[in-house]
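The chain contents come next:
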Amino acid sequence: MSTENVKIVELNAENWYDCCELEVSKEQQEYIEPNAISIAQSKFELTLKPYAIYAEERVVGFLMYNSVQEELDGYWVYRIMVDKQIQGKGIGKAATKLMISEMAISLNAIKIVVGYHPNNLGAHNLYSSLGFIDNGDRFGKEMAVIKYIIN
């Protein structure tokens with residue numbers, strides 16, 4: 001699978017169920033809510049923006065961010081996941097780059113924040129490779145890392 005064909009599409013009637021069927025690996029299950037929970041959350045917290053991640057016209061992942069600023073005066077990423085069948089191919093990284101661009105353009109975001117469990121090495125490697133910085137911010141069991149957008 002090529003990362004050139006990765007795109008993110010706002011959740012809609014055609015792709016929401018496909019997102020619900022995606023799964024992370026067993027090792028990752030303790031770190032992330034099932035997509036159905038995230039989708040339900042987005043229907044009650046209307047500032048949350050859920051997206052399907054496509055690769056080669058197939059739904060392969062899910063992401064969601066908040067369109068209003070929260071803690072640390074940043075826009076928070078709530079979820080990013082790629083189905084366990086195709087992890088490790090750069091699709092999550094490509095989708096995260098698209099999401100960062102979308103947030104920078106649509107929200108004028110200059111600070112994007114994501115929280116994750118310190119033991120989640122996949123998340124750590126992804127975010128550090130994209131320039132997220134750990135300033136030591138902690139929220140409960142999660143660490144928060146920040147990406148500064150420079151225009």
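Asks: Tell me about the overall build of the protein, and name the residues and values.
Replies: When you go through the protein residue by residue, the secondary structure sums to 4 helices and 7 strands. Order of helices (α) and strands (β) in the protein, N terminus to C terminus: β-α-α-β-β-β-α-β-α-β-β. For the protein, the C-alpha radius of gyration of 14 Å lies close to 15 Å, the compact-globule estimate for 151 residues. Projected onto its principal axes, the C-alpha positions of the protein cover 35 × 30 × 30 Å. About 8,300 Å² of surface is accessible on the protein, with carbon and sulfur atoms providing 49% of the total. Taking the average location of the 14 positive side-chain charges in the protein and that of its 20 negative ones, the two points are 4 Å from each other.

Asks: Give a description of the side chain of K147 that names residues and reports values.
Replies: Here K147 is to be found in strand 7 (residues 142–148). No salt bridge is formed by the buried K147; its nearest oppositely charged neighbour, D134, is found at 15 Å. Here the side chain of K147 touches L130 through a polar contact of 2.8 Å, landing on its backbone oxygen. Aside from chain neighbours lying at most four places away, what touches K147 is I110, K111, I112, L130, G131 and F132.

Asks: Break down the environment of L72 for me, citing the residues and quoting the values.
Replies: If you trace the backbone, L72 turns up in the loop between strand 3 (58–69) and strand 4 (75–82). Linking L72 and D137, residues 65 residues apart in sequence, is a C-alpha distance of 8.7 Å. Leave out the neighbours within four places in its chain, and L72 touches K111, V113, D137, F139, A144 and I146.

Asks: Any chance you could break down the pairing of strand 2 (residues 48–55) for me, citing the residues and the numbers?
Replies: The buried count for strand 2 comes to 7 of 8 residues, which makes it a mostly enclosed element. Pairing of strand 1 (residues 6–10) with strand 2, which is carried by 5 bridges, proceeds in the antiparallel orientation. Paired with K7 across the bridge in strand 2 is Y54. In this sheet, strand 3 lies alongside strand 2 in antiparallel orientation, the contact comprising 8 bridges. Its bridge partner being in strand 3, A52 is matched across the sheet by F62. Here strand 2 hands over to strand 3 after 2 residues, with E56 in that stretch at a positive phi of 50 degrees.

Asks: So what's going on with the pattern of salt bridges? Which residues, and what values?
Replies: Counted by the stated rule, this structure contains 3 salt bridges. A salt bridge links E57 to K7; the shortest N-O distance between them is 3.4 Å. Here E57 is found in the loop between strand 2 and strand 3, whereas its partner K7 is found in strand 1, with 50 residues between them in sequence. For E57, a relative accessible area of 62% puts it in the exposed group. E23 serves as the salt-bridge partner of K84, at 2.9 Å between the closest nitrogen and oxygen. Separated by 61 residues along the polypeptide, K84 in the loop between strand 4 and helix 3 (91–107) and E23 in the loop between helix 1 (16–21) and helix 2 (35–44) bring together distant segments of the chain. The exposure class of K84 is partly exposed, given its relative accessible area of 38%.

Conventions adopted
Residues numbered from 1 in each chain as written. Predicted model: local features only at pLDDT ≥ 70, side-chain atom pairs only at ≥ 80, totals over all residues. Heavy atoms only, no water. Helix = DSSP H or I, 4+ residues; strand = E, 2+ residues; numbered from the N terminus. Rg over C-alpha atoms; globule rule 2.2 N^0.38 Å. Areas by Shrake-Rupley, 256 points an atom, 1.4 Å probe, with all protein chains shown as cover. Lys, Arg positive; Asp, Glu negative; His and termini not counted. Charge placed at Lys NZ, Arg CZ, Asp CG, Glu CD. Buried < 20%, exposed > 50% of the residue type's maximum accessible area, 1.4 Å probe, protein only. Salt bridge = Lys/Arg side-chain N within 4 Å of Asp/Glu carboxyl O. Polar contact = N/O pair within 3.5 Å; in protein donor to acceptor, adjacent residues only side chain to side chain. Contact = heavy atoms within 4.5 Å. Pairing = 2+ DSSP bridges.

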